[in-house]
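Examination of the molecular architecture
Spelled out from the first residue to the last, the chains are:
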Amino acid sequence: MTKSRTPASGGIFLFLGPVLGAIYGAYRGEPILWMLVGFGIGAFFSLAVWAIDRRKG
């Protein structure tokens, strides 16, 4: 029987990026803008985790 590999998950970045961005943006007076920036950063890190995990497989 072959052992299946459990893939790494980077989805937490898609959650934390917008949340932290909105919190930071609330202090700066532009929560929507910073939420979108946080989403972009979170998507980047999520894709980086996916690419690294795919390379290992």
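All values reported here derive from a predicted model rather than from experimental measurement.

1. Here's the deal with the side chain of Ser46
Along the chain, Ser46 turns up in helix H2 (residues 31–56). Look at Ser46 and you get buried, because its relative accessible area is 15%. Apart from the residues within four sequence positions on either side, Ser46 is in contact with Gly10, Gly11, Phe13 and Leu14.

2. Section: the side chain of Asp53
Position of Asp53 relative to the elements: it lies in helix H2. Given a relative accessible area of 11%, Asp53 falls into the buried group.

3. Examining helix H1 (residues 11–28)
If you check H1, its first and last C-alpha atoms are 26 Å apart, about what 18 residues at 1.5 Å a residue would give, namely 26 Å. Residues of H1 that are buried include every one of Gly17, Pro18, Gly21 and Gly25, and no others. Seen from one end, H1 has its buried residues packed into an arc of 80°, which puts them on one side. The outward face of H1, more than 90 degrees from its buried face, is lined by the exposed residues Phe15, Leu20, Ala26 and Tyr27. Elements that come into contact with the buried residues of H1 comprise H2.

Reading the values: rules and limits
Residues numbered from 1 in each chain as written. Predicted model: local features only at pLDDT ≥ 70, side-chain atom pairs only at ≥ 80, totals over all residues. Heavy atoms only, no water. Helix = DSSP H or I, 4+ residues; strand = E, 2+ residues; numbered from the N terminus. Buried < 20%, exposed > 50% of the residue type's maximum accessible area, 1.4 Å probe, protein only. Contact = heavy atoms within 4.5 Å. Expected span 1.5 Å × (residues − 1). Arc of directions from axis to C-beta.

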